[in-house]
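Summary of the model geometry
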Amino acid sequence: SAPGGGDKAGKGRDELVVGLANEPETLSPLLGYGKDGNSKIFDGLLRRDSAMKLEPALAAELPKVTDDGRTYTYKLRKGVTFSDGKPFSAGDVVFTYRTILDEKTNNAAKGELAAIDKVTAAGDDTVVFALKYPYAPFAERTVLPIVPEHAAKGQDVNTGSFNTAPIGTGPYVLTGWSKGEKLTFKANPAYWGGEPKVKKLTMAIIKDDDVRATRLRSGDLDGAILPPNLVKGFKGDKSKVTLTARTTDFRGVTLPTANKVTGDVAVRRALDLAVDRDAMVDKLLEGAGRAGYGPVPTDSEWFAKGTERPHDLDKAKKLLDDAGWKPGGDGIREKDGQRAAFTLWFPAGDKLREEHALAFASDAKKAGVDVKVQSGTWEVIEPRMKEDAVLAGGGNPADPDFDLYNLLHSSLALDGFNNMAAYSDPAVDKALEEGRRGGDKATRKAAYDAVQRGLADNPGYVFLTHVDHLYVMNGDRKGLTTQVEPHDHGLGAGPWWNVEDWQPAK
Amino acid sequence: MLELRGITAGYDPRDPVVRDVSLTIGDGEAVGLLGPSGCGKSTLARVAALLHRPDAGSVVIDGEPARGWRHRAPREQRTAFGVVFQQPRQSADPRLRLRDLIAEPLRATGRRAEADTRVGELAPVVGLSAELLARRPHEVSDGQLQRACVARALVARPRWLICDEMTAMLDASTTAALVGVVEAYRRESGAGLLAVGHDAVLLERWCDRTVRWEPLTRPFTVSRGLRPRTPGPQTPDGLNTVPVIRVTQ
Amino acid sequence: MNRKALPWGPMARMAGRRLLAAVPLLAVVTFGVFALAAASPFDPAKAYAGSAGLGARRDVLDQLRANLGADEPFVTRWWDWLGAALTGDLGESTALRQPVSHVIGERVGWSVLLCGVAFVVAVSVGTVLGVLAARRRGGWLDRAVTGLAYTLEAAPPFWLGLLAVWFFSVELGVLPAGGLTDTGADVATAGQVASHLVLPAAVLAATQLPWFVLYVRQGVGDALAEDPVRGARARGLRERTVLLGHALRSGLLPVLTLIGSRVPELITGALLVETVFSWPGIASATVEAATKVDFPLLAALTVLATAAVLVGNLLADLLYGLVDPRIGFDG
Amino acid sequence: MTTVLSVRELSVRFRMPGGRHVAAVGDVSFELAAGECLVLVGESGCGKSVLASALLGLLPGNAETSGEARLGDGLELLSADERTLARTVRGRRIGLVPQSPAAHLTPVRTVRAQLAETVRELTGARGAALAEAVEAAAARAAFPAGHLDRYPHQLSGGLAQRAATALALVGDAPLLLADEPTTGLDRELVDRTADELRRHADAGHALLMITHDLAAAERIADRVAVMYAGRVVEIADAAVFFGAAGPRHPYARGLLDALPERAFAPVPGMPPELGALPAGCAFAARCATPKEACEAVPALVDGVACHHPHRPLAEEASRA
Amino acid sequence: MGSRTRALRVSAGVMAAVVLAVLVVPLAVPLDEQAVDLGAKLLPPGAAHPFGTDEVGRDLLLRCVYGLRVSLLVGVVAALVATVVGTAAGALAGAFGGWPDRLLMRLVDLFSAVPHLLLGIFVVALFRPGIWPVVASVAVTHWLSTARVVRAEVLSLRSRPYIDAAVSGGASRWRVTVRHLLPAVLPQAGLAAVLMVPHAIWHESALSFLGLGLPTHRASLGNMVNSARGSLLAGDWWPTLFPGLFIIVPTLALAGLAGAWRARLNPRHRSELTL
Ligand SMILES: Nc1ncnc2c1ncn2[C@@H]1O[C@H](COP(=O)(O)OP(=O)(O)OP(=O)(O)O)[C@@H](O)[C@H]1O
Ligand SMILES: Nc1ncnc2c1ncn2[C@@H]1O[C@H](COP(=O)(O)OP(=O)(O)OP(=O)(O)O)[C@@H](O)[C@H]1O
Ligand SMILES: [Mg+2]
Ligand SMILES: [Mg+2]
C-alpha cells in the first residue's frame, strides 16, 4: 500500500494500530508493569469488567475472605497455559507476589501490597494471602499480572531478559518492542479465553500530542488518545469517532498546611468557592470532564451527595472579610501584615495543568488572593511542597481508599507525593482508617461520606476538575466502550481495553 | 655589523633552499644581492630580518647573536630591521589605510605619539599625497602601495634596511626617487642596507658592494659559497661555474 | 596527471596525537557527567520508579536507592563504571532497564543513519544554496536563501517536524509520518526504512542547513571580491569553475570547520527529531538518561558523543590541512 | 595590417566616498594591430593597470567607464555584458598577465591544478594530452616543471610571475595584455620572457605590454606609449623613442633620464592627485619650461600631447 | 546600490521599533500579560485584541511584546557571550599555536562532547529556573562553533606575508592578533552571533519544554510558538503566526544590519558601497 495512505492502518479487520503517549519502562510485572490490570500479555488473578466490577481471571472465582478480612483465598482456573506452552499453577502466583515484595526487587509500587503478610500455595490450584491487618480493598490489588516462575526465575529480576521479552497467559503475545517506536503483539492462539479475533495489535509510541494527532489524521493509526483541543480538530471528520472515557483523573490545588495563607481555613474555603469549575470544564476541557469537589468524581457511587460547592464569589469574599482578610491597596487582601499571596507550582510541560493553574490564579485574584504561578520539574517542586501550592493530579477508580487515604491521612503528610498538602484532620484520619478496615459496603460508604464532608469543611485541596480521557478512532468499528480510567493509563486503557473480545464486523 | 654565519635555511629540512651561506654587512654599508630567480634571496633576506628560522647558522647583529626568531626575537632586535617585502600586495594588511599601514610599526612599539608627525614627514618624501594616505591597499596602484611599504620600513628608524626587490614594480623616476629616499635616510642615520634585486646596473649604482649569487662547481664542499637550490632554467644542468662574490667599487 | 601524494605522515601524526589526547579527555568528560548528574537535583530512585514512584513512600524509595547503588558517592560510581567499562561491561541502564551495550547496539545504528544522511544533505544542499546566494549578493535569490536560512534557524526542530508531517503526510499523503517502518509492519525492510527516513532526515538537515548556507555564502562572497578570483576570471574560466574551483575552494575553510563543530548541534537536533518522529535511535534516550540520572547509560552516551565530536573535529582539522596548505597539521 | 584593438577616448573614474572621484584614465585613444607590440610606460599610479582592467571588464564596482574599446571583430568591450566577456573574451580573445601575480593565484590550489584547469577550459585538452599541454605551457614561460606541484605561497616572486605568464599564454589570445610581466625576474629570464612575448607577437598576436623595465621594452616594442596622470601624453615608434632622437614629451624624457644608467635622478615634483587634476596640462607643475599655453589641456597631436614638445636638434636648427 | 541602502534602512527601522517596543510598551501599557480570561479563549485578531488571544484568553499582542523582551534578552545576551568567548578562544588558539592552541582546542572538544541539550539541562538544573541559567546554558554550549571557525581562519591568515611585516615592525603576538587577525575574522564571528540569536530563542523554548527553562506560561516567543502547535493543527493560525513573526522579523532585521556591518568590514565591499 502507498506509504501514509489512509487505508493502511485500518486495512484488516483483524489488525489494530493505536497511538499512545507513554511507553512502559519495563514489561515485567515484577517491576510494576500492569499492576492495575489489563496488561494484554498477562492476566491477574482477577480483572475488571466494563463497569469496573471485579471478575475472576486466572482465579476461578472471586476470593473467599475470612478471618475478619485478613485472609484471602483464591481458587485458580484450570488448564491455563503460558504462551510458551507451560502450564500455569499456584507456584507462579506465589513466586510473583513474593518476588515483588522482596527487598532486592526494584518495584516502586510494592507499597500497594504492604498489607500482605504471607502468600502461600495450598496445592496446585489454591493460593492463600494472609494480611497483616484487615484491608477491605485488597482484592482490587490482585488484578496484578502473574509471571511464570519457570521463565522469570534464575535471572536478575531487575535487569534480566524477561523485562523485555515477557511470557504470560494473556490474550496477546509480544512480538517486538522497538523502544521509542512501537510495541507489536499477536493474538495468543492458546488463550484460555479463546483466541482473540483481532490478530495483530500495534501500539505506536508517539510522545508528542500534536504529532500523534497528525499521524492519526494521516491514516497511520486506527486510534489514539488525544487532548481535548486536538480532538476538536476531528469534529468535522466523518470517518472518525470520538470516545470519551470517564475517569477518576482529578486536577486540584494543594493548600499546604504550613503556609500562613493557605493554612487558614477561611482562605481555603474562600478559594474553594471562588473557583469557577464549570468554566474550566467548558473552556479548558472543551466540556470533556466534570467539576471536581474531591478525588471521588460526582458520578461515582462513592460520592457524598451534597458536598458540591458551586461557584460563589460573593460568599468567598464575605468569608475572607469576616476572617479579617481585608483588601489592601492593590486589591490583594491582607491580615496582620500577611499578604494573601502564595506560589502555585505546576510541572513544566504539562499543558493541562498549566492552564488549570492559570485559571485558578485568575479566579483567586478575583477574590483578592494573589497566586503566583511557577513551573518546574518535580525535583524542583518537591522540596517546596511544604510551603507552596502544587497543581496535583491523580485518581484511581478501583477503590476510594486508594486516593483518599494517600491524599488525606496525616501519617503520610509530605511523604513522597502522597499527602502533598500535609492535610491533617483527626476526624478525617479516623474515618479513613474505618473505611479501609472493611465491613460491608454501607459501612464503608458512611466512612467515606464523612471523609468527603470533612474535606468540604476544611478543604486542604481545591479540587478543580475530573478530566475525561478522549480517544479518536476510525469510525468503522462499532460498539466500542471504555472503562472508567485512572489517572495513569497504560496500554490496556482506552477503547481497546477489551480488544481481545472484539468481534469481526459482518 | 650584521653577520650571517653559515646559514642553511629553507622550507623542508631535508632539502634546504639556502645552504651554508655567509654574508657580512658593515656598519652603514650598502650591499646589493644579485641572483637568479628562485635561488633563495628572499629566503635569506627573511632570515636576516629574523623572520625565518634557519636550519643552521646564526645571525649576529652588532656582535650580539640573534636569540630567537619572529615573535621570539627580542623586540629591539626585531625592530632593528626595516623590511621592504618583494610583493607589496601581499605584505599590506588589506584592512588598513595607507596612513595606518605606515604608522603601524610605531603604534605597535608604543611610540604612538610620534606616529602622526613621522607619517607626515615620510609621506611627501616617498610621494604619497594625503588623499592616497586615506585609501586602502586595493584602491591604489602597486607602485603607490610599494611607496607606502618603503615608508613603513623607514618609519621606526631601523638600523638595518632590507629591501627585497624594492623597485621591481616602480618606474625609473620613482625608482630614482625612492632610492634617493633610502639613501637620504642612510646618510642621516648611518643605517646599513641589504638590497636584493635583479637589476645589476641599479644595484651597482646604489650599493657599495654587490654580491652575486652564482651556481657552484662543487656543491657541498664550499663553505662560504652561495648556491641556488634549483638550477635556474637559464643554467643548463651540469654547467656550473665557480661561486663569485664580486665586490664592486 | 601526477597528483601530489597526500601528506600521510603529518596526518597520521596528528591523528595519533588526538588519539592519545582522547584518553584523558574521555576520562574527564565521563567524570564531569557523573559529577554534574550527581549535583543535579534529579533523584535516581524516583526517576527509576517513574509514575509508580509518585505514590511510593519514603521507605520504598530508600530501599530502591540502596538497590540501585544510588546512595554511593559519584566518584565511587564513576570509578566502578570505569573499571567495568574497561573490561567491556557497560552496565545496566536504569532508564531503559536493559544492558547498556544492548541499548546502544539496538539503537546506535539508526541514529548514525539518520544523522549521517541528514548531515550529508545539509552540507551538500547548504553548499549549493550558499554558492548560489553568494553569486549575486543582494539579488532575489540571495534574499530568498538568506531569509530562509534565518527562518530555519529560528524554527525549533520539533516545530519543523510537525509542519513536515502535516504537509507531507496529511495534506499530500506521500510520506510516512513517523516510526522506522510502517506502523503495522513487523520487519524493517530497506525500502520501508528509506521512505520513513525521508522526513526525519530532511527535517534534521533543515535544522543544520542555515550555518552551512550562510557560511558558504559569506566565504564565497568574500572570495569573489578578492584578487585570485579576478585572476581566474581574467584567464577566461567559466563562471562555474570560478565559483566552485576558486571562490568556493578559498571560502571552504569555515565550512569544513563546521563539519566538526556542528556535530554537537546535530546530536541535539537528532534528539528532538527522533522524539517527534518516534525514530528508535539513541539520541532520544539522552534526555531520558539525563533526567533519570541513569549513570551507566549517560556515561556510554557521552562516550559515544565524545567519540563523534572528536572524530568530527579531527576530520575537520585533517581537511583544513588538505584544503588550505598554509595551515598544516599541527594541533 | 588588421586592427586588433582600437580604443577611443577611454576614461575610467572611481567613485570615492564623499562624492569625490578619481580620474584614473582620461580620454585614452590608440590602436593596436596584429603582430604589433605596444609598450605602455608611465609613472606608478598613472592608470596603466586600470586601463588593462577596463579592457577586460574587471574593474571594481565603484568604477565608471566611458568611451569605447573595440576588438577587431567589432565587439565593444566596455558595454559588453559579463556573460560575453566571461565566455568569449577573457582568456580567449584577450589574455592578461596581471600585476602582482602571486596575489592573483588561488592560494589553496597548486600551480599545476590551476594551469591544468585553464588549459582544459581554453583548449579542451583531456587526459594525457592535458598533462603534456600543462608542462608545455609551463616551459613556455620558463616555469620549472618541478615547481608545478607547489602552492602559490611556496613560490618565489619570480616563479609566481612566470606562473602568471604561463597562464596568460595558454589561450593564445589574439590580444595579450601583459602588466609588468618581467618583475622579479633576473636579466636572463627577462630576456627570455621578452623574446617569448615577441615571438608571440610575431605569430600575429597583438601585445600591449605595461612595463617599467625600459630595457625589456626596448627589446621588443614596436611602439611606445607614455602615460601621465591617466592620459597618453606621447605615442611614438620604439626606434625613435629609444633612439638618438629620444622622446619628445618632457615627462618622457625625464623618465628616461631617471634610469640608473643615466642621470638616476627622478622627475622633480610629485604626480598630481588624480582626484583633483589641474585644469590645464597635468605636467605643467613639474615642467621645467611651463608656458601660458599650458593652462589648457594639450591635445595629442602628432603623437605627443605637449604645448612645447622637444624637437630633435636638427629640426630645431632648421626652424631657426 | 540603492536596494542595499533601502534594505539597510528598513533593517535599522525595524530594529529601532523593536527596541522601542521592548523598552517602552511594558512601561506604558499597565496591562497584565498573564491575565487569563477563559471567556475570551482563542479569539481571532480583532479590534479588542489586534493579534487575537491564546488558549486561555490572554492577549497575544501584549504577550508578543513581553515575549520579545525576554527572548531578545536571552538571545542577544547568550549570542554576545558565546561570540565573545568563542572569538577570543579561537583567536588565541590560532594566533599563539603550540600548547595554548592544543589546550584550548581540547577544551572545545570537552565542551562539545557533552550534547548541548544535556549540558544545558544540567546547567539549568543546578540553578533555580529563570532567565540567567538559560542564558548561561545557551552561552556555555554555543561558543564552540565560533571558536573553531575563528581558529581555522586565523590559522590560515597567520602565515600571510603581511603578518611577517607586522612581526618585523615589532608587533607583539597580542597586537598581531588584535590588529591584524581579529578584524579579518570578525565577519565570520559576526555571522555566528547573528545566527545564534534565533537559535538561542528556540533553545530556550526547548529547555522550557523539558521543564528546565523559563516557566512555560511566561511569555517568551519560543514558548509561545511551541505551545501554539496544537491550535495550529486545529486551524487557529494566529497564536503561531504572530510570535513566529516576532522571532523572524527582528532576526532578519538584525541579519540585515549585521550584513551591512560585515560589508563595511570588508574593505573591498566597502569601497563599493555608497552610503
Ligand atoms: N613557503 C615556502 N614553502 C616552500 N618553498 C618555498 C616557500 N617559499 C619559497 N619557496 C621556494 O624556495 C625557493 C627560494 O625562494 P625565494 O623566494 O627565496 O627565491 P628568490 O631568490 O627570492 O627568488 P625571486 O628572485 O624569484 O624572488 C624557491 O624555489 C621557492 O619556490
Ligand atoms: N579601486 C580604486 N579606487 C580608487 N582609486 C583607484 C582604485 N584603483 C586604482 N586607483 C587609482 O587609480 C590610479 C591608477 O592606478 P593603476 O593601478 O592603473 O596605476 P598603474 O599605472 O598601474 O601604476 P603602477 O605602475 O604602480 O602599477 C592610481 O592613482 C590609483 O590610486
Ligand atoms: Mg624573492
Ligand atoms: Mg599597475
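Figured I'd write up the structure that's included with this text. Everything quoted here is computed from the prediction, not taken from an experiment.

Parameters at a glance
- Residues numbered from 1 in each chain as written.
- Chains lettered and ligands numbered in written order.
- Predicted model: local features only at pLDDT ≥ 70, side-chain atom pairs only at ≥ 80, totals over all residues.
- Heavy atoms only, no water.
- Helix = DSSP H or I, 4+ residues; strand = E, 2+ residues; numbered from the N terminus.
- Buried < 20%, exposed > 50% of the residue type's maximum accessible area, 1.4 Å probe, protein only.
- Contact = heavy atoms within 4.5 Å.
- Areas by Shrake-Rupley, 256 points an atom, 1.4 Å probe, with all protein chains shown as cover.
- Lys, Arg positive; Asp, Glu negative; His and termini not counted.
- Charge placed at Lys NZ, Arg CZ, Asp CG, Glu CD.
- Donors = N, O, S within 2.8 Å, 3.2 Å for Na, K, Ca; no water.
- Near = heavy atom within 4 Å.
- Polar contact = N/O pair within 3.5 Å; in protein donor to acceptor, adjacent residues only side chain to side chain.
- Nonpolar A, V, L, I, M, F, W, Y, C, P; charged D, E, K, R; others polar.
- Patch = residues over 30% accessible without salt bridge, like charges linked within 9 Å, V, L, I, M, F, W, Y side chains within 5 Å.
- Salt bridge = Lys/Arg side-chain N within 4 Å of Asp/Glu carboxyl O.
- Buried area = accessible area lost by both parts, 1.4 Å probe.
- Phe/Tyr/Trp six-rings, centres within 6.5 Å; stacked < 30°, edge-to-face > 60°.
- Expected span 1.5 Å × (residues − 1).
- Bend = angle between axes of the 7 residues up to and from the residue.
- Core = buried A, V, L, I, M, F, W, Y, C linked by side-chain atoms within 4.5 Å.
- Axes fitted to C-alpha atoms, helices over the stretch in contact; angles between N-to-C directions.
- Parallel < 35°, antiparallel > 145°, perpendicular 65-115°, else oblique.
- Left-handed = near helix turned anticlockwise from the far one by under 90°.

1. Remarks on the overall build of chain E
For chain E, the helix and strand inventory stands at 11 helices and zero strands. Projected onto its principal axes, the C-alpha positions of chain E cover 75 × 50 × 35 Å. With 275 residues in all, chain E has 63% of them scored as buried. At a minimum sequence separation of 6, the contacts of chain E that also span at least 24 residues come to 70%. Looking at chain E as shown, the accessible area adds up to about 9,200 Å², and 71% of this sits on carbon and sulfur atoms. Across chain E, 23 positive and 13 negative side-chain charges occur, with their mean positions spaced 14 Å apart.

2. Concerning the coordination of the magnesium ion (ligand 3)
By definition of the ideal shapes, a tetrahedral metal site with four donors has angles of 109.5 degrees and an octahedral site with six donors has angles of 90 or 180 degrees. Residues and elements named next belong to chain B. The coordination sphere of the magnesium ion (ligand 3) contains the protein donors Ser42 (OG) and Gln86 (OE1), at a distance range of 1.8 to 2.1 Å. Here Ser42, found in helix α1 (residues 41–48), pairs with Gln86, found in the loop between β6 (81–84) and α3 (98–108); they are 44 residues apart in sequence, far enough to count as distant. Gln86 gets classed as buried once you look at its relative accessible area, which sits at 12%.

3. Digging into the site of ligand 2
Around ligand 2, the surrounding shell holds 23 residues, and the nearest of these are Arg135(B), Ser141(B), Gly143(B), Gly45(D) and Ser49(D). Ligand 2 sits at a junction of chains, with neighbouring residues supplied by chains B and D. Glu139(B) places a polar main-chain atom, nitrogen or oxygen, 3.2 Å from a nitrogen atom of ligand 2. Here an oxygen atom of ligand 2 sits 2.7 Å away from a polar atom, N or O, in the side chain of Gln144(B). Contact with the protein chains removes 96% of the 630 Å² of surface that ligand 2 exposes when unbound. The set of elements that each furnish at least two residues to the shell around ligand 2 consists of α6 (142–155) of chain B together with α1 (48–56) of chain D. The residue inventory of the shell around ligand 2, partitioned by class, reads nine nonpolar, 10 polar and four charged.

4. What about a positive patch on the surface?
Taken together, the side chains of Arg135(C), Arg136(C), Arg83(D) and Arg87(D) present a region of like positive charge at the surface. Here Arg83(D) shows up in helix α2 (residues 82–89). With a relative accessible area of 53%, Arg83(D) lands in the exposed category.

5. What to know about the interface of chain E and chain C
Of the residues lining the interface, 62 residues belong to chain E; the matching set on chain C comes to 69 residues. For the chain E and chain C pair, buried surface summed over both sides reaches about 5,900 Å², with 68% attributable to carbon and sulfur atoms. A per-residue breakdown of the area chain E buries against chain C is headed by Phe122(E), Arg148(E) and Trp202(E), which together make up 12% of the total. Connecting chain E to chain C are two salt bridges. The interface formed by chain E and chain C contains 12 residue pairs in polar contact (both at pLDDT 80 or more). In terms of residue count, helix α7 (residues 173–209) of chain E provides more of the side of chain E that touches chain C than any other element does, 13 residues in total. Partitioned by chemical class, the residues of the side of chain E that touches chain C number 33 nonpolar, 16 polar and 13 charged.

6. Regarding the coordination of the magnesium ion (ligand 4)
Donor atoms from the polypeptide that coordinate the magnesium ion (ligand 4) comprise Ser49(D) (OG) and Gln99(D) (OE1), at 1.8 to 2.0 Å from the metal. Placement of Ser49(D) in helix α1 and of Gln99(D) in the loop between β5 (94–97) and α3 (111–123) is noted, with a sequence separation of 50 residues between them.

7. With respect to the interface of chain B and chain D
How big an interface is tends to be stated in terms of the accessible area lost upon association of its parts. Each partner contributes residues to the interface: chain B has 40 residues there, and chain D has 45 residues. Surface buried jointly by chain B and chain D totals about 3,200 Å² across both partners, of which 56% is contributed by carbon and sulfur atoms. The tally of links between chain B and chain D comes to one salt bridge. Note that Arg20(D) and Glu131(B) form a salt bridge whose closest N and O atoms lie 3.2 Å from each other. Going through the elements one at a time, α5 (130–133), α6, α7 (172–189) and α8 (200–206) of chain B are the ones with two or more residues in the side of chain B that touches chain D. In terms of residues, the side of chain B that touches chain D owes the most to one element, α7(B), which gives six residues.

8. Some points on the arrangement of the chains
No other pair of the eight pairs of chains in contact has as many contacts as chains C and E. With respect to C-alpha atoms, chain A approaches chain B no nearer than 51 Å, and the pair has no contact. You won't find any contact between chain A and chain D; their C-alpha atoms come no closer than 46 Å.

9. Some points on the packing of aromatic side chains
Applying the stated criterion to the full structure yields 33 aromatic pairs over all chains. Between Tyr72(A) and Phe138(A), the aromatic rings sit 4.9 Å apart at their centres with planes inclined by 65°, giving edge-to-face as the arrangement. In this pair, Tyr72(A) is assigned in strand β5 (residues 71–75) and Phe138(A) in helix α2 (residues 138–141), connecting sequence segments 66 residues apart. Like Phe138(A), Tyr72(A) is buried. Between Tyr251(D) and Phe283(D) the ring centres are 5.5 Å apart and the planes differ by 70°, which places this aromatic pair in the edge-to-face class. Highlighted residues: Tyr251(D) in helix α9 (residues 250–257) and Phe283(D) in the loop between α9 and α10 (313–319), separated in sequence by 32 residues.

10. Quick look at helix α4 (residues 112–126) of chain B
All names here are of chain B. A rise of 1.5 Å per residue sets the reference length of α4, with its 15 residues, at 21 Å; its end C-alpha atoms lie 21 Å apart and thus fit the reference within 8%. For α4, the principal kink sits at Arg118 and spans about 30°. Regarding α4, the residues found buried are Ala115, Arg118, Val119, Leu122, Ala123 and Val126. Close packing links the buried residues of α4 with α3, α5, α6 and α7.

11. Describing the nonpolar core
In this structure, Leu204(C), Phe212(C), Tyr215(C), Val220(C), Leu297(C) and Leu298(C) are the most contacted members of the largest nonpolar core, which totals 171 residues. The dominant element in this core, judged by the number of residues it contributes, is helix α9 (residues 190–224) of chain C, at 18 residues. When near neighbours in sequence (up to four residues on either side) are disregarded, Leu297(C) contacts Ser93(C), Leu96(C), Val100(C), Val103(C), Ala285(C) and Ala289(C). Ranked by size, the runner-up nonpolar core spans 137 residues in total, among them Ala103(B), Leu122(B), Leu58(D) and Cys294(D).

12. A word on the environment of Ala205(C)
Residues and elements named next belong to chain C. The residue Ala205 is located in helix α9 in this model. The exposure class assigned to Ala205 is buried, which follows from its relative accessible area of 4%. Through-space distance from the C-alpha of Ala205 to that of Thr257 is 17 Å; in sequence the pair is 52 residues apart. If sequence neighbours within four positions are ignored, Ala205 has contacts with Ala118, Val121 and Ala122.

13. Focus on the packing of α3(B) against α6(B)
All names here are of chain B. Put simply, α3 and α6 touch, their axes get as near as 8 Å, and they point 20° apart. The angle between α3 and α6 falls in the class roughly parallel. When you trace α3 past α6, the crossing you get is right-handed. Contacts between α3 and α6 involve Leu98, Leu101, Ile102, Pro105 and Leu106 from the first element and Leu145, Ala148, Ala151, Arg152 and Val155 from the second. A per-class count over the contact of α3 with α6 returns nine nonpolar, no polar and one charged.

14. Considerations on the pattern of salt bridges
Per the stated rule, a full pass over the model turns up 86 salt bridges over all chains. For Glu500(A), the salt bridge identified is with Lys40(A), shortest N-O distance 3.2 Å. Highlighted residues: Glu500(A) in the segment after β22 (469–474) and Lys40(A) in the loop between β1 (15–20) and β2 (46–48), separated in sequence by 460 residues. According to the relative accessible area criterion, Lys40(A) is buried, its value standing at 1%. Among the ionic pairs, Asp142(B) bridges to Arg89(B), the shortest N-O distance being 3.2 Å. Pair noted here: Asp142(B) is in helix α6 and Arg89(B) is in the loop between β6 and α3, with a separation of 53 residues, a long-range link. Of the two residues, Asp142(B) and Arg89(B), neither departs from the other in class, the shared state being buried.

By themselves, these are just geometric observations and shouldn't be taken as functional.
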